[in-house]
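# Summary of the model geometry
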Number of protein chains: 2
Amino acid sequence: MEKSPVSAAVIRRLPRYLRYLGELLLRDVERISSQELSRLMGLTASQVRQDFNCFGGYGQQGYGYNVAFLHREIASILGIEEQQDAILVGAGNLGRALINHISFERRGFHLVDIYDRDPKLVGSSLHGHTVHHIDLLEEHCARHLPSIAILTVPRLAAGEVVTRLVACGVKGFWNFSSLDIRLPDVTVENVRLGDSLMTLRYRMKQRD
Amino acid sequence: MEKSPVSAAVIRRLPRYLRYLGELLLRDVERISSQELSRLMGLTASQVRQDFNCFGGYGQQGYGYNVAFLHREIASILGIEEQQDAILVGAGNLGRALINHISFERRGFHLVDIYDRDPKLVGSSLHGHTVHHIDLLEEHCARHLPSIAILTVPRLAAGEVVTRLVACGVKGFWNFSSLDIRLPDVTVENVRLGDSLMTLRYRMKQRD
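As the structure is a computational prediction, the values presented were derived from the model and not from experiment.

What follows covers the packing of aromatic side chains. All names here are of chain A. Scanning all chains against the criterion turns up 6 aromatic pairs over all chains. Plain terms: the ring middles of Trp174 and Phe176 are 4.8 Å apart, the flat faces sit at 75° to each other, and that makes the pair edge-to-face. For the pair Trp174 and Phe176, a shared accessibility class is recorded, and that class is buried. Joined through ring pairs, the aromatic side chains of Tyr17, Phe52 and Tyr65 make up one cluster.

Dropping the structure here:
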């Protein structure tokens with residue numbers, strides 16, 4: 001099915017729609033109007049309709065949206081049903097928290113390997129995965145060809161690790177390091193926790 | 001000093017400017033042109049100039065920006081020099097990772113207390129802070145009046161915790177729970193790690 005390009009803002013909202021629709025499914029809600037869905041999500045009804053129009057509609061006037069159908073469609077647009085292999089590099093506090101906190105499978109990724117260079121961590125087990133030494137990266141990647149790397153290494157280590165991962169064929173980064181990765185043919189999703197906290201500080205100040 | 005309202009997109013870029021300017025300071029760079037700064041940051045020079053114009057300029061034609069001055073100004077706009085007290089609720093994996101990973105002081109907040117309800121965590125020490133039982137929340141908050149709460153509790157616990165925190169006078173949330181907080185007079189900065197991962201999945205799919 002051909003899809004027209006969709007704005008970044010709409011794409012950012014898709015996971016949110018999926019979350020709300022998933023909750024409606026759990027509550028056995030079969031149909032929902034754009035009014036009800038928008039009220040639940042704190043959007044306007046016209047925004048919901050516009051967003052869904054980007055993907056070809058799905059609603060019927062006066063009848064609402066079929067929740068299960070819409071959930072499946074958005075999951076399919078996001079691509080989360082075709083899982084890609086992911087590795088995590090950096091098994092420190094943040095890496096461990098992500099592994100325990102995030103359900104990768106529900107987000108379209110399958111975690112295959114974990115790497116670190118700290119001898120205290122190498123060989124330990126995390127959520128059923130053994131932490132490997134980073135020196136095994138090339139050998140393992142040649143076999144497993146992971147699509148993405150979750151990068152939770154300190155900034156000083158990040159540059160070298162990124163170079164090695166790209167040489168291994170990694171095409172995407174979920175980047176928690178403060179290094180800005182700018183490379184051709186590589187997709188990067190930066191998570192800037194410190195920036196988010198400063199934005200909160202600014203918004204609090206504006207309120208005062 | 002009066003400031004005109006600034007768009008959300010510009011505000012999101014301020015912490016990034018601060019990071020880059022901080023690095024230039026560390027490298028003893030005194031002046032930088034909008035061209036050089038934009039190249040470093042992967043923006044266009046006109047975007048950099050437009051962003052700084054929102055706050056009244058600071059640049060001189062053909063002379064560039066004074067790095068230390070600009071760094072101070074942006075820090076002051078963000079408000080990170082006047083620190084506000086923060087508490088963390090939820091000392092599980094994610095809460096612990098944030099405490100170890102994020103320098104709150106450099107982002108305008110001073111961490112004063114940590115709470116959890118898990119008897120295995122209560123009484124333990126995290127980064128120099130004792131984890132208190134959540135039942136002490138009201139008593140402590142009456143004394144310390146924290147401005148913000150970092151919310152790293154599971155979704156099912158989040159609703160009750162938010163209600164209690166707002167009753168305690170908490171005015172801002174750095175929200176890692178998947179509960180959408182929508183309350184009047186409360187500033188919320190949501191961090192949706194799962195959504196970020198799904199956005200990466202989508203963008204990888206578009207590339208294929």
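Structure shown, so let's carry the discussion forward.
Mapping chain B onto chain A calls for a rotation angle of 180° and an axial translation of 0.0 Å; the resulting RMSD is 0.0 Å. The two molecules are tied by a two-fold rotation axis, judged by turn and shift. Closest to the rotation axis within chain B is the C-alpha of Ala97 of chain B, separated from it by 3.1 Å. Mapped onto chain A, 100% of the interface residues of chain B again fall at the interface, so both copies present the same surface.

In a regular helix each residue adds 1.5 Å, so 12 residues correspond to 16 Å; helix α4 (residues 67-78) of chain A covers 16 Å between its end C-alpha atoms and thus fits that length. Residues Val67, Leu70, Glu73, Ile74, Ala75, Ile77 and Leu78 of chain A constitute the buried set of α4 of chain A. The inward-facing, buried residues of α4 of chain A abut α1 (8-26), β1 (31-32), α3 (45-53) and β2 (65-66) of chain A together with α8 (193-207) of chain B. You can read the cap of α4 of chain A off the contacts: a side-chain oxygen lies 3.1 Å from the backbone nitrogen of Ala68 of chain A, and it is on Asn66 of chain A. Among the residues trailing α4 of chain A, Gly79 of chain A stands out with phi positive, at a value near 85°.

Residue and element names in this part refer to chain A. Considering all chains together, one arrives at 0 disulfides over all chains under this definition. Cysteine Cys141 is unpaired, with the sulfur of Cys168 as its nearest cysteine sulfur at 4.1 Å. A relative accessible area of 1% means that Cys141 is categorised as buried.

Residues and elements named next belong to chain B. Summed over the entire model, instances satisfying the criterion amount to 22 salt bridges over all chains. Among the salt bridges present, the one from Asp51 reaches Arg13, with a minimum N-O distance of 2.7 Å. Of this pair, Asp51 sits in helix α3 (residues 45-53) while Arg13 is found in helix α1 (residues 8-26), placing the two residues 38 residues apart along the sequence. Of the two residues, Asp51 and Arg13, both sit in the buried class. Lys120 is paired through a salt bridge with Asp118; the nearest N and O atoms lie 3.9 Å apart.

Counting through the fold element by element, Gln84 of chain B comes out in strand β3 (residues 84-89). If we ignore the near neighbours within four places in the chain, the residues touching Gln84 of chain B are Arg201, Met204 and Asp208 of chain A together with Gly108, Phe109, His110, Ser147 and Ile148 of chain B.

What follows is about the confidence of the model for chain A. Per-chain confidence: chain A averages 91 in pLDDT, with 94% of residues scoring 70 or above. Interface confidence for the predicted complex, given as ipTM, is 0.91, next to a pTM of 0.90.

Across the contact, 65 residues belong to chain B and 65 residues belong to chain A. Together chain B and chain A conceal approximately 5,900 Å² of surface at their shared face, both sides included; 58% is due to carbon and sulfur atoms. At the junction of chain B and chain A, the tally comes to 8 salt bridges. Residue Asp195 of chain A pairs with Arg19 of chain B through a salt bridge whose shortest N-O separation is 2.8 Å. On inspection of chain B and its partner chain A, the count reaches 35 residue pairs in polar contact (both at pLDDT 80 or more).

With that settled, consider the environment of Ser103 of chain B. If you trace the backbone, Ser103 of chain B turns up in the loop between α5 (93-101) and β4 (109-116). Along the sequence, Ser103 of chain B and Ile114 of chain B sit 11 residues apart, while their C-alpha atoms lie 15 Å from each other.

Moving on to the nonpolar core. Soluble, globular proteins show a tendency: their nonpolar side chains are buried together. In this structure, Ile150, Trp174 and Leu193 of chain A together with Ile150, Trp174 and Leu193 of chain B are the most contacted members of the largest nonpolar core, which totals 48 residues. Those residues in contact with Leu193 of chain A that lie beyond four places of it in its chain are Leu94 of chain A together with Leu98, Ile102, Trp174, Phe176 and Val191 of chain B.

As a further point, take helix α2 (residues 34-41) of chain B. Residue and element names in this part refer to chain B. Among the residues making up α2, those that are buried are Ser34, Leu37, Ser38 and Met41. Projected down its long axis, α2 shows its buried positions confined to an angular sector of 100°, all on one face. Buried-residue contacts for α2 involve α1, β1 (31-32), α3 and β2 (65-66). Within two residues after α2, Gly42 carries a phi angle of roughly 75°, on the positive side.

A separate point is the sheet that holds β3 of chain B. Whether parallel or antiparallel, the strands of a sheet pair through hydrogen bonds between backbone atoms. Residues and elements named next belong to chain B. Reading across from one edge, β5-β6-β4-β3-β7-β8-β9 is the order of the 7 strands in this open sheet, with mixed pairing throughout. Here the strands that pair on one side only, and so sit at the sheet edges, are β5 (125-126) and β9 (187-190). Judged from the 4 bridges that link them, strand β7 (residues 148-151) and strand β8 (residues 172-175) form a sheet pairing that is parallel. Its bridge partner lying in β8, Ile150 is registered against Trp174. In the packing of helix α6 (residues 137-144) onto the sheet, the strands contacted are β3, β4 and β6 (129-133), and the crossing angle to β4 comes to about 165°.

Rules of the game
Residues numbered from 1 in each chain as written. Chains lettered and ligands numbered in written order. Predicted model: local features only at pLDDT ≥ 70, side-chain atom pairs only at ≥ 80, totals over all residues. Heavy atoms only, no water. Phe/Tyr/Trp six-rings, centres within 6.5 Å; stacked < 30°, edge-to-face > 60°. Buried < 20%, exposed > 50% of the residue type's maximum accessible area, 1.4 Å probe, protein only. Least-squares fit on C-alpha atoms with pLDDT ≥ 70 in both. Contact = heavy atoms within 4.5 Å. Helix = DSSP H or I, 4+ residues; strand = E, 2+ residues; numbered from the N terminus. Expected span 1.5 Å × (residues − 1). Polar contact = N/O pair within 3.5 Å; in protein donor to acceptor, adjacent residues only side chain to side chain. Disulfide = S-S within 2.5 Å. Salt bridge = Lys/Arg side-chain N within 4 Å of Asp/Glu carboxyl O. pLDDT = per-residue confidence, 0-100. Buried area = accessible area lost by both parts, 1.4 Å probe. Core = buried A, V, L, I, M, F, W, Y, C linked by side-chain atoms within 4.5 Å. Arc of directions from axis to C-beta. Pairing = 2+ DSSP bridges. Axes fitted to C-alpha atoms, helices over the stretch in contact; angles between N-to-C directions.

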